[in-house]
Amino acid sequence: MPQDQLLDHEYDGIQEYDNPCPGWWHAIFWLTVVFSAAYFLFFHVGYNGWTVAEAWQTAAAEDQKKLFGTMGDLHNNPATILTYMDDTKWMNYAKNVFLANCQSCHGPDGGGVVGPNLTDDYYKNVNKITDIAEVVKNGAAGGSMPAWKTRLHPNEVILMAAYVARLRGKPVNGQCRPPEGKPIERWPTLAEVTGAKSKAKPGGASK
Ligand code: HEC
């Protein structure tokens, strides 16, 4: 223990000590200085969110912006869907989204589990190619097919529609659900829809 230091002044008979602060007190003080620097860097320079979940969300949103930034807003029209159906890079991306979100009900290859088979020509809620994105976005059958509009980016909905359209005609080996709904016409070809468009008939493309 350091010796008590008595100061040599005296007021009304009262004297005071001048002792240094204890080491542990200094330690805490310097800790707060170090902490504040770390705090500053974390929250004011590289702020990501209060919690790990929030930081993840921020990162995911940024990632998505980067991902979809160059492609612009995708719209639900036959030309867009038919174009992305042939885009290997985006269809690989869509495959992962399908495996993460859809396979539990539709099977890894779309053969159907509790949700219908997406590989045959029979559909319950789809008559034309643009109906797929609507079903994905808004769900069907009172929610047994969930609505994905709050869980998927709008561009992802279109990519998933293209992926589902692409599953048609790719029969699954092994177990799949029997046909449900009605058989529908084949998808149009890209030439058909862009040809229809150039005749300046707006809306005609989706017939
Ligand atoms: C919780 C189970 C479940 C999940 C998860 C699910 N679906 Fe479905 N889906 C269904 C059911 C059930 C139906 C049939 C609805 C009906 O009876 O009208 C359906 C129908 C569909 C249809 C219309 C098929 C038709 O014949 O009309 C499409 C397209 C579809 N789902 C795509 C998807 C995609 C893409 C995902 C993932 C993003 C997904 N589904 C995730 C259960 C699911």
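Note that the coordinates shown come from a computational prediction; the quantities given were computed from them, not determined experimentally.

Draft legend 1. Region of interest: the packing of helix 6 (residues 131-138) against helix 7 (residues 154-167). Following both chains from N to C, one finds helix 6 and helix 7 inclined at 125°, their axes separated by 8 Å at the closest point. It follows from the interaxial angle that helix 6 and helix 7 lie oblique. You can see that helix 6 and helix 7 cross each other, and the crossing is right-handed. Facing helix 6, whose interface residues are Ile 132, Ala 133, Val 136 and Lys 137, helix 7 presents Val 157, Ile 158, Met 160, Ala 161, Val 164 and Ala 165. Across the contact of helix 6 with helix 7, the residue classes break down as nine nonpolar, no polar and one charged.

Draft legend 2. The site of the ligand, seen in detail. Not every one of the 25 residues close to the ligand is listed here, only the nearest: Cys 102, Cys 105, Gly 115, Asn 125 and Met 145. Within the residue set of the shell around the ligand, elements represented by two or more residues are helix 5 (103-106), helix 6 and helix 7. Here the residues of the shell around the ligand are counted per class, giving 17 nonpolar, seven polar and one charged.

Draft legend 3. Representation of helix 4 (residues 88-101). Taking 1.5 Å of rise per residue, 14 residues should cover 20 Å, and helix 4 covers 20 Å from first to last C-alpha, within 8% of that figure. Taken together, the buried positions of helix 4 are Trp 90, Ala 94 and Phe 98. Take helix 4 and look down its axis: the buried residues cluster within an arc of 85°, on one side only. Opposite the buried face of helix 4, by more than 90 degrees, sit the exposed residues Thr 88, Lys 89, Asn 92, Asn 96, Leu 99 and Ala 100.

Draft legend 4. Structural context of the nonpolar core. Ranked by internal contacts, the top residues of the largest apolar core, which has 30 residues, are Ile 81, Ile 132, Ile 158, Met 160, Ala 161 and Ala 162. If you list the elements that add at least two residues to this core, you get helix 3 (78-85), helix 4, helix 6 and helix 7. Of the residues forming this core, the biggest block, 10 residues, is contributed by helix 7. Apart from the residues lying within four places of it in its own chain, the contact partners of Ile 81 are Ile 129, Thr 130, Ile 158, Ala 161, Ala 162 and Ala 165.

Draft legend 5. Here's a closer look at the packing of helix 4 against helix 7. Orientation of helix 4 relative to helix 7, taken along the N-to-C sense of each, is 95°, at an axis distance of 9 Å. Here helix 4 lies roughly perpendicular to helix 7, going by the angle between them. In this structure, helix 4 uses Trp 90, Met 91, Tyr 93, Ala 94, Lys 95, Val 97 and Phe 98 to contact helix 7, whose residues at the interface are Glu 156, Leu 159, Met 160, Ala 162, Tyr 163 and Arg 166. Residue classes in the contact of helix 4 with helix 7 are distributed as 10 nonpolar, no polar and three charged.

Definitions and cut-offs
- Residues numbered from 1 in each chain as written.
- Predicted model: local features only at pLDDT ≥ 70, side-chain atom pairs only at ≥ 80, totals over all residues.
- Axes fitted to C-alpha atoms, helices over the stretch in contact; angles between N-to-C directions.
- Helix = DSSP H or I, 4+ residues; strand = E, 2+ residues; numbered from the N terminus.
- Parallel < 35°, antiparallel > 145°, perpendicular 65-115°, else oblique.
- Left-handed = near helix turned anticlockwise from the far one by under 90°.
- Contact = placed C-beta atoms within 7 Å.
- Nonpolar A, V, L, I, M, F, W, Y, C, P; charged D, E, K, R; others polar.
- Near = placed C-beta within 6 Å.
- Expected span 1.5 Å × (residues − 1).
- Buried ≥ 20, exposed ≤ 12 C-beta atoms within 10 Å, placed from the backbone.
- Arc of directions from axis to C-beta.
- Core = buried A, V, L, I, M, F, W, Y, C linked by C-beta atoms within 7 Å.

Everything listed is a geometric property; what it means functionally is a separate question.
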